[in-house]
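Observations on the three-dimensional arrangement
If you want the building blocks of each chain, they are given just below.
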Amino acid sequence: MKRLLLVLIQVSLVTFSYAQIGNIMKKAKSAVGIATGDENEKSAALKEALSFGVEAAVNQLSIDKGYLESPYKILIPEDAQNIINKVKMVPGFQDVESKLINQMNKAAEIAAKKASPIFLGAIKQMSVQDAASIIAGKENAATMYLSSTSRAPLYNEFMPVIQSALDEVNARTYWKTVVDAYNKIPLTKKMNPALDDHVNNKALDGLFSLIAVKEAGIRNDIGQRTTELLKKVFGS
């Protein structure tokens, strides 16, 4: 009888230990965002996570001063800074730097409002195979994939939007006035750097950087997995 009781106790302890290990493993997987579910669910969850990230990034950066008062603030390009440093000494251009920074960031905010359809179109093109490898990758793997597959077409699509946005805030006209004033300064090398490319690239840099932050949040923070699919695939 004692021997039988001892055997039962041992079995109970082993069963309890396995259950504990199972719970610990489940919690560990959830905490580090190890994906579960079939390949189609993983693909759908990744697209959902990226869509949420894009929406959040666009909404955050497209509001008034969304770029200007963020870590993604667009500053003066290096070649333009030399012009500004000299032009600031010309009467009427003392505040040229702050005025131009405000205009560039406002243009980026206007352009960002039109980014969502372009991003979402790129997300829809992601294959199931791509999604499976991305989920198993680094915490910014999805954002890097999105950048590598869509940045060039995004740049091309963004350029007329950026140019229109710069014109909407009178930035290109104002910059031409600044450059003209600079080129009239004696003994200076004539220059004519364009703002379009700089603002376009920096606007995209900001969007991709913020999307990466949102992606990492869903991977690493259970509280940011707000749908049943995200909870199932990334853990809850």
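Residues numbered from 1 in each chain as written. Predicted model: local features only at pLDDT ≥ 70, side-chain atom pairs only at ≥ 80, totals over all residues. Heavy atoms only, no water.

1. A short note on the side chain of His 198
Topologically, His 198 is positioned in helix 9 (residues 196-220). Owing to a relative accessible area of 15%, His 198 belongs among the buried residues under this scheme. Among residues more than four places away in sequence, those in contact with His 198 are Ile 74, Leu 75, Ile 76, Pro 77 and Met 104. (Helix = DSSP H or I, 4+ residues; strand = E, 2+ residues; numbered from the N terminus. Buried < 20%, exposed > 50% of the residue type's maximum accessible area, 1.4 Å probe, protein only. Contact = heavy atoms within 4.5 Å.)

2. Considering the packing of aromatic side chains
A complete count under the given rule lists one aromatic pair for this structure. A ring pair is formed by Phe 119 and Phe 208, whose centres lie 5.4 Å apart and whose planes are at 85°; its orientation type is edge-to-face. In this pair, Phe 119 is assigned in helix 5 (residues 116-124) and Phe 208 in helix 9, connecting sequence segments 89 residues apart. Judged on exposure class, the residue Phe 119 and its partner Phe 208 are both buried. (Phe/Tyr/Trp six-rings, centres within 6.5 Å; stacked < 30°, edge-to-face > 60°.)

3. Details of the packing of helix 4 (residues 96-112) against helix 7 (residues 141-168)
Direction vectors running N to C along helix 4 and helix 7 enclose 130°, while the axes themselves pass 8 Å from each other. One finds that helix 4 runs oblique with respect to helix 7. In terms of crossing hand, the pair formed by helix 4 and helix 7 is right-handed. Counted together, Met 104, Ala 107, Ile 110, Ala 111 and Ala 112 of helix 4 and Phe 158, Val 161, Ile 162, Ala 165, Leu 166 and Glu 168 of helix 7 form the full contact between these two elements. Its residues assigned to classes, the contact of helix 4 with helix 7 comprises ten nonpolar, no polar and one charged. (Axes fitted to C-alpha atoms, helices over the stretch in contact; angles between N-to-C directions. Parallel < 35°, antiparallel > 145°, perpendicular 65-115°, else oblique. Left-handed = near helix turned anticlockwise from the far one by under 90°. Nonpolar A, V, L, I, M, F, W, Y, C, P; charged D, E, K, R; others polar.)

4. Notes on the packing of helix 3 (residues 78-87) against helix 8 (residues 171-183)
At a minimum axis separation of 9 Å, helix 3 and helix 8 run at an interaxial angle of 70°. Taken as axis vectors, helix 3 and helix 8 run roughly perpendicular relative to one another. Note on packing geometry: the crossing formed by helix 3 with helix 8 is left-handed. Contacts between helix 3 and helix 8 involve Ala 80, Asn 82, Ile 83, Ile 84, Lys 86 and Val 87 from the former and Trp 175, Val 178, Val 179 and Tyr 182 from the latter.

5. Quick notes on helix 3
Here helix 3 has its buried residues at Ala 80, Gln 81, Ile 83, Ile 84 and Val 87. Taken around the axis of helix 3, the buried residues stretch over an arc of 165°, which confines them to a single face. The elements touched by buried residues of helix 3 are helix 4 and helix 8. (Arc of directions from axis to C-beta.)

6. Description of unusual backbone geometry
Comment: phi is negative for the bulk of residues other than glycine, and the bulk of peptide bonds are trans. We note that Lys 65 has phi near 65°; this positive angle belongs to a residue other than glycine. Tracing the sequence through the fold places Lys 65 in the loop between helix 2 (39-62) and helix 3. Since its relative accessible area comes to 39%, Lys 65 is described here as partly exposed.

7. Points about the pattern of salt bridges
A full pass over the atoms with the stated rule returns eleven salt bridges. Of the charged contacts, one joins Lys 106 and Asp 64 as a salt bridge, the two residues approaching to 2.8 Å between their closest N and O atoms. On the criterion of sequence distance, the pair formed by Lys 106 in helix 4 and Asp 64 in the loop between helix 2 and helix 3 is long-range, its members being 42 residues apart. Judged by its relative accessible area of 54%, Asp 64 falls in the exposed class. Put simply, Asp 180 and Lys 176 hold a salt bridge, and the shortest N to O gap is 3.0 Å. Taken together, the residues Asp 180 and Lys 176, both in helix 8 and four residues apart, mark about one turn of the helix. Taking the relative accessible area as the measure of exposure, Lys 176 reaches 52% and is therefore exposed. (Salt bridge = Lys/Arg side-chain N within 4 Å of Asp/Glu carboxyl O.)

8. Quick look at the confidence of the model for the protein
Residue-level pLDDT values for the protein average 80, and 83% of them are 70 or greater. When mean pLDDT is compared element by element in the protein, helix 9 scores highest at 92, while helix 1 (residues 2-32) scores lowest at 43. Segment residues 4-9: pLDDT under 50, and zero contacts once partners within four positions in sequence are set aside and those in other chains are kept. Low confidence marks residues 11-35, where pLDDT is under 50. Its contacts with residues over four positions away, or in another chain, come to 20 contacts. (pLDDT = per-residue confidence, 0-100.)

9. Looking at the environment of Gly 223
You can see Gly 223 is positioned in the loop between helix 9 and helix 10 (228-234). Along the sequence, Gly 223 and Ser 236 sit 13 residues apart, while their C-alpha atoms lie 8.4 Å from each other.

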